[in-house]
Each structure stands twice: as C-alpha cells, then as structure tokens.
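Here is how the chains run, residue by residue.
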Amino acid sequence: MEKTRTRHEALGLDEGDLIRMYRAMLLARRTDERMWILNRQGRAAFVISCQGHEAAQVGAAYNMRPGYDYLYPYYRDFAMTTVLGQSARDHLLSLLGKKEDPNSAGRQMPGHFSSRELRIVTASAPVGVQYPQAVGSALAFKLRGEDGVVLVSGGEGSTSEGDWHEAMNFAGVRRLPVVFLVQNNAYAISVPEELQVAGSIAKRAEGYGFPGVAVDGNDVLAVYEVAKEAFGRARRGEGPTLIEAKTYRLTAHSSDDDDRRYREREEIERWRQKDPILRFERYLFEVGVLDEEKKEEISAQIKAEIDEAVEYAEAAPFAEPEEALERVYAEA
Amino acid sequence: MAVRNLLQAIHDALEEEMRADETVLILGEDVGRAGGVFRVTEGLQEEFGPDRALDTPLAESLIVGSAIGLSVNGMRPVAEIQFADFIPPAFDQIVSEAARFYYRSNGAWNVPITIRAPYGVVPGGALYHSQSVEAYFCNTPGLKVVAPTFPKEAKGLLKSAIRDPNPVLFFEHKRCYRLLKEDVPEEDYTVPIGEAKIHREGEDITVVAYGLVLHTALEVAKKLSEEHGIEAEVVEPLTLYPLDRETILASARKTGKFLAISEANITGSVTAEMAALVAREAFEWLDAPVMRLGAPDIPAAAFARPMMDAFVPDAARIESAMLELARY
Ligand SMILES: Cc1ncc(C[n+]2csc(CCOP(=O)(O)OP(=O)(O)O)c2C)c(N)n1
C-alpha cells in the first residue's frame, strides 16, 4: 500500500525546511533561557521572552522572503527574527546593549528589533503602534504593483488599541497585502483574555471585510498552513488576512514581572505539556526527520552557538557615551 | 513670477513635487475628490489619480502611522491633518514613532514624511477649529516644525519639508490662507528649514512673530516708524524647532530689546524658548526685560466674535507692547 502523504509534504515542505524551522524554534528557546539566566545572575538588566510562542512565530515568518517582505514585529518575536536571519549573537548583543547590537546599538531595550537588510522595521514600546505603519508599507507595495507582503504581529492586548482597528479597517478598505498575526497568549501582563477581549479576535476580521482564522498557535505546521494561505492571498492581490494564533506565555511577562500574583502554577504546567517545541519534535521523530542522535547534534550546535554568543557579547564594547548625541536627524 | 496667496502657494508646492517625484503622494481626510476642506489639494486627484491623492478613513493615528510605513517602503508621503485641533489622536505616531525611528534604529530607518496641519483662530472656528498646537511638538528631538506665514516662503519650505529625510510638521495658519497675495517664483526653489527671515530691519527693538500676528506686527512696525520714528526689526522664525538661534540672537544683540509674539497660549509656548535663549545668551546686550505676548491660558477660542477677538493679540495690544519696549 502506498504511504499516505505526510502533513509537511502536503504543505510543500521538505526535510530541509523542517530542520530549519526546528532549529530556529530551538535556537530562540535556548537563547531565551540563557537570557533569563544572565538576568538572574545580574549580568543582564532586562529580559522579555518568547517562550511558548515559537511555533506561532516560526510558522508565520517561514512564509516570508527575508529582505523583501516587511516585518513589523513586537517584543516577543525572537523566534520570528531568528527565522529571518538574526543570530544568537545578535540577540545577546542586544540584550547587553552593546554597540554592535544590530537593532539599536544599545539605544533600546532588548526585544525592540530592527534590521534594514532583513526589512525588519524598527520596533517601539507603545503597544499597537506598528499596525498603522505596517498597512502603510503594504500600501506602498500595492501602489507600485509589487508583490511584497507585510507581516505585522502583536499580542491580544494590542487588539484593544484603536491603532489595531484603524489599521484593520484601512487594510480592508484598500485590500492591502498585509498579514495580521495576533499571538494570543491569554494574558496582557496580568490581565486575562476574558477581561481584555470581547468576543473573538479572529471573527472581527469579518467586520472589516476579510478573512480571520483562529489557529492552534502551538502547532507550527498548522500556523504555517494558515499563514501560507494568507501570504498567498496577499501576493495575489486578494487583500489582508487576520491570524489569531492561540498560544501561551510560559514565562512571566518580563524579568521585572512576578506572575505568581495572577496565575496558578498548575495552569502553566498544563501548557508545558503542550510545549510547541516538544510537539514538533514528536512530529519530526514520527516522520523520521529527527532521531536521538540528530537531536543531540543540533542541540550541541545550538549550545555552542549560544556559548560563543554570550562570550562575544560580554566582551563586546559599549558605544561611546557621546554617541548618544548622534543620529537624531537623518542627513539629506 | 505668479501672484499667489498662501493657500495657492502650498497647493503649487504639492503639485510641483508630485510632478517631479513619483514617490510623493498626499493622503488624508477629504484630500482627494473634494480637494481638501480648504481646497489646498484641489485638482491633485484629477491630475495624479486616487492613489496619489488618497482619501483615507477618518483616523488620524492611521494617517500618520501609514505615512510612516509608506515612507520606510520607499514613498514620500504628505499627510494632511484636516485641522491641527485633531492632531492629538496622531500624537503617539508623531512623537513616539516618526520622531524616533532614526534614533532608535541607530540611523537605519528614517522617516521622510511631511505632516500638514492648518492651525490658528478663524471666525466661527471655536474651541476645536482654532488651536495653535505647535509647542506640543517643539521639544521632541527628531521632529522638525515649520510654520511659514507668507506664500513665497511657504512654497519653498514645503518643498524642503517633502525632500527632507526627517519627519517635518508643517503648520499653516488658516486665517493667512487668503489674507494677501505676493509674487511667488515659478521656477523650482527651496527655502531651507532652520533659517529665520528678517522681514524688516530696524535698530530700536526686535520683534519675533509668526502666523497671523506676524502680519499684525509688520503693520504696527510700519505705523510706529511713521508716527514715532521707532524702527522695529521684525523676524519670522519660519522653523519653530529646531530654532534658528543665531538669527534671533543676532537681532536681539543688535537692538537690545526683545519681544516674541505668537497666538498660542502663553505658558510653555515657543516664545518661552526664545525668551530663555535671549535672556541667557544676549543678557549683556539687553536694555529692557525680555517680553512676550500671546493668548491667555484659556482654550482657543470662544465662538462669539468679541470673545474670539480677545484671544488673539491684536494690533492694539501689539502696538502697546512694542511701544512699551521701545520706551523702556
Ligand atoms: C500603549 C502601551 N500601554 C501600556 C504598555 C505597557 N505594556 C507593555 S506590554 C503590555 C501587555 C501587552 O499584552 P499583549 O499585547 O497581550 O502581549 P503579550 O505581552 O501578552 O505578548 C503592557 C500593558 C505599553 N507598552 N504600551
């Protein structure tokens, strides 16, 4: 009997794709874990985290053409920017605020991504501001008749901001090539989803005249599938899509937050059972793309990469204090 | 030379820049088909089509935010805020976003956008069609704030703003739109951002003003010269942030007497910065206390005409301030 096609084959992904996706997820996770250790050791001032979000981020961003499509990320998008090409070293340099930090050369907190080459647009701290900007970049693609797509992401809390609705509306009115990715991790700092979100986020898209889909955000292939459809629609000129990836934040909001004040340990444990990386590993084992040996090998490579990144970043210089006075205005 | 009023000069600058550079586009509420509520953008949609004279939804944060996104993806948008009074919903996109993109990305992402905002008291405008909000933006590094008064400078400054690689706020006084006409060059020219203009040379006092009150100050200066032989030097800052400190200081040092006038609420207005500058940097040249004239600290401006008129420094108040300073 002929073997039925696997999920990834049906999606047009080969083994190389799967390994790249897996590596990006694992690299982001391990880097993130190391950042917390550095913070608890007093070597890093601030950490914000992507743990639990790796599938949602990698599944969506794997559809991008780095350096062509635009990404407007939010502060949890470590795995997303990893997939586009930012390295552990980049993340560590940013964590420690060093001059070589590609995002801001030490001007912004960690998690405020930027790369002109990768078309990751400089990110801000105020929640939700990226959405109108993203639709503007999508409009530019559309006006020039190019097939670029803009991916913009945020948490469910950001859908409470007027900017989100203004951008959704404009994207719908003008049928813009933009993919809205809401990473719904059930909390905005301490405020739970039921106090934040009326009705369903995904269903709101209908009111703006385009499709909205809710997807299991811990299943990287499921997110990839809906995002592939969304990117395809956008590239074909069919307009925006909203994706609500339902997931969970496994850490506190940030290194300054104590989440014991607002959620039960048991709840976190339940979600740990659904860890997107373990889940993907199981799939990779099932389809024979990964075995214990290969897993160990990747794991060791990643550990070495992070060790090197920490060492490099700690030794790297800060920018001179006077550099804080520079690059306020662009020169013609 | 063409004889143009302020409104026409601004229109011409937009039209010429759109012809010269296909990445320039205008967006805002009613700017397209209607040609703007003041008719500044009239005819642009006919010439350039609905994509380059683009009617947006009624959402100011979106207008500025999407302009930012357009600009980082290769376009040169000019965003219109229908009235300066409605700029607060876009405040975050201007102050936290456009102003900081370049700095926070260590020079990787700049934001070449222009934001036009008609401001100032007009009859019938009342509390929400009258405000002078420029000071809100004049302590935000990364922004440039310009406010020309005469057609000629407005045209050249708007071209500079559109070509500038930074976000520029462009304030247009509504009551100056059709107040007077002057010769405006037809060939391409720019007026540099960051340079003040001396409209009238004088030895006795320095008056710095912009917007409607600049016109009034110039009339009063003429009158004082004819009736009292007092020669006022009248300076228009043109750029409110960053200020042309050198021109302002040079004039203050020359005359030794300094008055700054604007129509904004007096406390914390741009004239306060000028006063502080002159008090510190021209102290040894001064023969009188630094003076300021502005609107009282009440919301701009009441609807009923007598109350409205009391808000803006008028010729009588400006004349008495200038006389007081000259005679000090
Ligand atoms: C406009 C604004 N208000 C408040 C904050 C402080 N703040 C930072 S993150 C956050 C919660 C955001 O929650 P959500 O969008 O769900 O994303 P998550 O952190 O859960 O991934 C808040 C309130 C902010 N950064 N911006």
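Residues numbered from 1 in each chain as written. Chains lettered and ligands numbered in written order. Predicted model: local features only at pLDDT ≥ 70, side-chain atom pairs only at ≥ 80, totals over all residues. Heavy atoms only, no water.

1. Focus: the site of the ligand
Residue and element names in this part refer to chain A.
- Residues in close proximity to the ligand total 16 residues, the closest being Tyr74, Tyr75, Arg76, Gly157 and Tyr187.
- Within the side chain of tyrosine 75, a nitrogen or oxygen atom sits 2.7 Å from an oxygen atom of the ligand.
- The fraction of the free accessible surface of the ligand (580 Å²) that becomes covered by protein chains is 72%.
- According to the grid-proximity analysis, the pocket containing the ligand is the largest pocket.
- Partitioned by chemical class, the residues of the shell around the ligand number eight nonpolar, five polar and three charged. (Near = heavy atom within 4 Å. Polar contact = N/O pair within 3.5 Å; in protein donor to acceptor, adjacent residues only side chain to side chain. Areas by Shrake-Rupley, 256 points an atom, 1.4 Å probe, with all protein chains shown as cover. 1 Å grid on protein atoms, 1.4 Å probe; cavity = no way out; pocket = protein on both sides within 12 Å on 5 of 7 lines; lining within 4 Å. Sits in = over half its atoms within 2 Å of the grid points. Nonpolar A, V, L, I, M, F, W, Y, C, P; charged D, E, K, R; others polar.)

2. Considerations on the confidence of the model for chain B
- Residue-level pLDDT values for chain B average 98, and 100% of them are 70 or greater.
- As a predicted assembly, this complex carries a pTM of 0.96 together with an ipTM value of 0.94. (pLDDT = per-residue confidence, 0-100.)

3. Here we look at empty space enclosed by the protein
- Across all of its chains, the model carries one cavity of 30 Å³ or more by this definition.
- Its volume calculated, the largest cavity comes out at about 30 Å³.
- Lining the largest cavity, in full, are Val328(A), Ala98(B), Ala99(B), Phe101(B), Tyr102(B), Asn110(B), Val111(B), Gly142(B), Asn166(B) and Pro167(B).
- Of the residues that constitute the lining of the largest cavity, the class distribution is seven nonpolar, three polar and no charged. (Points joined across faces, edges and corners; volume = space filled by probe spheres on them.)

4. Some words on the pattern of salt bridges
All names here are of chain A.
- The final tally for this structure, using the stated rule, is 49 salt bridges over all chains.
- Here glutamate 33 makes a salt bridge to arginine 30, at a shortest N to O gap of 3.1 Å. Taken as a pair, glutamate 33 and arginine 30 lie in helix H2 (residues 15-40) at a separation of three residues, close to a single helical turn.
- Under the relative-accessibility criterion, glutamate 33 is labelled partly exposed at 28%.
- With a shortest N-O distance of 3.2 Å, arginine 327 and glutamate 323 are connected by a salt bridge. (Salt bridge = Lys/Arg side-chain N within 4 Å of Asp/Glu carboxyl O. Helix = DSSP H or I, 4+ residues; strand = E, 2+ residues; numbered from the N terminus. Buried < 20%, exposed > 50% of the residue type's maximum accessible area, 1.4 Å probe, protein only.)

5. Examining the interface of chain B and chain A
- Contacts between the two partners involve 43 residues from chain B and, on the opposite side, 42 residues from chain A.
- Taken together, the links from chain B to chain A amount to zero salt bridges.
- For the pair chain B and chain A, the number of links is 25 residue pairs in polar contact (both at pLDDT 80 or more).
- Mapped by element, the contributors of at least two residues to the side of chain B that touches chain A are strand S3 (53-55), helix H3 (60-72), helix H4 (91-98) and helix H5 (101-104) of chain B.
- Across the side of chain B that touches chain A, the residue classes tally to 20 nonpolar, 16 polar and seven charged. (Contact = heavy atoms within 4.5 Å.)

6. Brief notes about the nonpolar core
- Ranked by size, the top nonpolar core spans 80 residues in total, and within it Phe180(A), Ile94(B), Phe137(B) and Phe171(B) carry the most contacts.
- With residues near it in sequence (within four places) discarded, Phe180(A) still touches Tyr131(A), Val135(A), Val152(A), Trp164(A), Ala167(A), Met168(A), Ala171(A), Phe210(A), Pro240(A), Thr241(A), Leu242(A) and Ile243(A).
- Core analysis: the next-biggest nonpolar cluster, separate from the first, contains 73 residues, Cys50(A), Ala79(A), Val220(A) and Ala230(A) among them. (Core = buried A, V, L, I, M, F, W, Y, C linked by side-chain atoms within 4.5 Å.)

7. Some thoughts on helix H11 (residues 315-327) of chain B
All names here are of chain B.
- Under the 1.5 Å per step criterion, the end-to-end length of H11 is 18 Å for 13 residues, consistent within 8% with the ideal 18 Å.
- For H11, every residue scored as buried is listed here: Ile318, Glu319, Ala321, Met322, Leu323 and Leu325.
- Of the surrounding elements, those touching the buried residues of H11 are strand S10 (205-209), helix H7 (212-228), strand S11 (232-236), strand S13 (258-265) and strand S14 (291-295). (Expected span 1.5 Å × (residues − 1).)

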